[in-house]
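# Observations on the three-dimensional arrangement
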Amino acid sequence: MAHRAARYRLINLGFCHTDLAYQKLLAFLSGSLLIETSFSLDGLGRLGFEAAGARDYPVIFGTLFAFGLVGLLVNILSDLMYVFVDPRIDFEKREA
């Protein structure tokens, strides 16, 4: 009985960690602009910041696309981790 209760507690704990990892990664990507600008590091965040100052629109759109793509991929990975943590979740059997 105690084993079964511990198993369900671990499943619920896994949901929290999956969400937390997703949020931390997106916060890391958002903070890259601040860190790269503050410490004069070369990176995608600083490239986008300098492109905005110089009104270099293709570079701005490229950096937005890259950050958006990474955000979408992390979101999909987070959803797939939900299925890994709790196999009872099935995205294909959802009704509209």
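Per chain, residues are indexed from 1 in the order of the written sequence. Local features in this predicted model are restricted to residues of pLDDT 70 or higher, and side-chain atom pairs are both shown and tallied only at a pLDDT of 80 or more, whereas totals for entire chains, interfaces and linings draw on every residue. Heavy atoms throughout the structure, all of them, feed into the side-chain values; hydrogens and water do not.

### Topic: the overall build of the chain
Helix and strand counts for the chain come out as three helices and zero strands. Under the DSSP-based scheme used, a helix requires at least four consecutive residues in state H or I and a strand at least two consecutive residues in state E, with every element numbered from the N terminus. Shown N-terminal to C-terminal, the secondary structure of the chain runs as helices and strands in the order α-α-α. Note on exposure labels: buried denotes an accessible area under 20% of the residue type's maximum, exposed denotes more than 50%, and partly exposed covers the range between, all computed with a 1.4 Å probe on protein chains only. Taking all 96 residues of the chain together, the buried fraction comes to 18%. In the chain, the proportion of contacts linking residues at least 24 apart, taken out of those at least 6 apart, comes to 49%. On the chain, roughly 7800 Å² of surface is accessible, and the fraction owed to carbon and sulfur atoms is 67%. Whether two residues are in contact is decided by their heavy atoms, any of which lying within 4.5 Å being enough. Reported accessibility uses the Shrake-Rupley method at a 1.4 Å probe radius. Residues are deemed covered only where the shown protein chains occlude them.

### What about a nonpolar patch on the surface?
Where nonpolar side chains cluster on the molecular surface, the patch consists of Phe 65, Leu 69, Leu 73, Ile 76 and Leu 80 and spans about 520 Å² of accessible area. Mapped onto the fold, Ile 76 is located in helix α3 (residues 57-85). A patch is a set of surface residues, each over 30% in relative accessible area and not in a salt bridge, joined within 9 Å for like charges and within 5 Å for the nonpolar side chains Val, Leu, Ile, Met, Phe, Trp and Tyr. A carboxyl oxygen of Asp or Glu within 4 Å of a side-chain nitrogen of Lys or Arg is what we treat as a salt bridge.

Read these as geometric descriptors, not functional statements.
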